[in-house]
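Understanding the architecture of this molecule
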Amino acid sequence: MTSSEHDHAGSDQAGSVTFLGLGLMGHALADTLLAAGRPTTVWNRSTDKGADLIGRAARRAGSAGEAITASSLAIVCTAHNNAVRELVQPLAAELRGRTLINLTSGSSSEARGISDWAAGHEIAYLDGAVLAVPDGIGTDEAAIVYSGDKDAFDQHNPVLRRLATPTFLGNAPGLAALHDVAVLGMMWHILNAFLHAAALLQSAGVSATPLTPVLEGGIATTTGWLADYAEQIDAGVFPGDDSTIATHLAAMTHLIDESGAHGVSTDLPLQMKAIADRAVAEGLGQSGHAAMISQFRSPE
Ligand SMILES: NC(=O)c1ccc[n+]([C@@H]2O[C@H](COP(=O)([O-])OP(=O)(O)OC[C@H]3O[C@@H](n4cnc5c(N)ncnc54)[C@H](OP(=O)(O)O)[C@@H]3O)[C@@H](O)[C@H]2O)c1
């Protein structure tokens, strides 16, 4: 530890922000605020991380408790919420009257648990989900969604805006975590569909690189339908004006046949067809594609 690292944070400095956890994401968050000129106090379980931040005027606290008392706002970002609980629960006294923002990925039930604990100790709590990679933090591409204490969100908005575009989803603390997995789930489906399409074309000697612009066009077209789908889902009305589920179902069998004929896995298309089959069996064959929302609400 250098002499500057001994500059421990002991008192609450106006406008300062504390970061607990300097892994890839925690480091990017602290780095961004430091670059914006915010007094920043950092703590990490192992002291091998964050030396570059200390060199740029961040203060390294000697303990997590000391880090918390250095600022009115503490942002925690660790590998998982068990680590968050282990870290903050013994420090309830230090956190009392301050704001804790948890940017660790986790489940909505974990978020509710930490939120209940915080409420019992007069700690303002916001749960956040980072929809970005570390390199994107501080850029226009980065988004972080929050749920929980709205007053804390409003009060610390200038800090949150520096990190990423902040969106408040609601007072229920689990909403950010739920949003996180919903977005990730959608992305994994799209990426797996891309891999399936690439495997299909590759079987006919078409390589993935020239195929990509065509598939990007398909994704862009699909993106353009989402707002309309959302309106239909919210209204519960699914006109089959352009094409019906029955029409989609017939095309899905072509995908299954082509996949099988080319030695490509039929797992994804069979799953797609099974969903459409159930919808048709329920009498939705002449409805628009978005009517299949019923199969996701109650898949049995
Ligand atoms: N990286 C991304 O692209 C990304 C994107 C969105 C969300 N996130 C989320 O951000 C969170 C952090 O991810 P990351 O990429 O920064 O992970 P990481 O680089 O592996 O860092 C993990 C951090 O957690 C700390 N930690 C682990 N267990 C701990 C414990 N028991 N007590 C105290 N600290 C503990 C580590 O401390 P040590 O250094 O002492 O091990 C380290 O600071 C995760 O929840 C992740 O899902 C990450």
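In this text the structure is predicted, and so the values were computed from the model without any measurement. (Residues numbered from 1 in each chain as written. Predicted model: local features only at pLDDT ≥ 70, side-chain atom pairs only at ≥ 80, totals over all residues. Heavy atoms only, no water.)

Before going further, it helps to examine unusual backbone geometry. For A57, which is not a glycine, the phi torsion comes out positive at approximately 85 degrees. On the secondary structure map, A57 appears in the loop between α2 (51-55) and β3 (59-60). Here A57 falls in the exposed class, since its relative accessible area comes to 61%. Positive phi outside glycine occurs at E122, with the angle close to 55 degrees. Here E122 is to be found in the loop between α6 (108-120) and β6 (124-131). (Helix = DSSP H or I, 4+ residues; strand = E, 2+ residues; numbered from the N terminus. Buried < 20%, exposed > 50% of the residue type's maximum accessible area, 1.4 Å probe, protein only.)

Counting residues in each nonpolar core, the largest one holds 32 residues, and the members touching the most others are F19, L29, I75, L103 and Y146. Where this core is concerned, the elements lending two or more residues are β1 (17-20), α1 (24-35), α2, β4 (73-76), β6, β7 (143-148), α7 (150-155) and α8 (157-163). Among the elements that take part in this core, α1 stands out by supplying six residues, more than any other. Look past the residues within four positions of L29 in its chain and what remains in contact with it is F19, C77, L103, I137, I144 and L163. With 20 residues, the next largest nonpolar core counts L20, A74, L95 and I114 among its residues. (Core = buried A, V, L, I, M, F, W, Y, C linked by side-chain atoms within 4.5 Å. Contact = heavy atoms within 4.5 Å.)

What the domain assignment reports for the chain is domain 1 (4-171) and domain 2 (203-297). Domain 1 and domain 2 are separated by 41 Å when their C-alpha centres are compared. (Domains from an automatic or database assignment.)

With that settled, the discussion passes to the confidence of the model for the chain. With 94% of its residues at a pLDDT of 70 or more, the chain shows a mean pLDDT of 94. Across residues 1-10, where pLDDT falls below 50, the model places 20 contacts with residues more than four positions away in sequence or in other chains. (pLDDT = per-residue confidence, 0-100.)

Turning our attention to the sheet that holds strand β8 (residues 165-170). The strand order across the open sheet formed by eight strands is β3-β2-β1-β4-β5-β6-β7-β8, and the pairing between neighbours is mixed. Here the strands that pair on one side only, and so sit at the sheet edges, are β3 and β8. For strand β5 (residues 99-102) and β6, the ladder comprises four bridges, and the chain directions are parallel. When the bridges of β6 are listed, L100 appears paired with Y125. (Pairing = 2+ DSSP bridges.)

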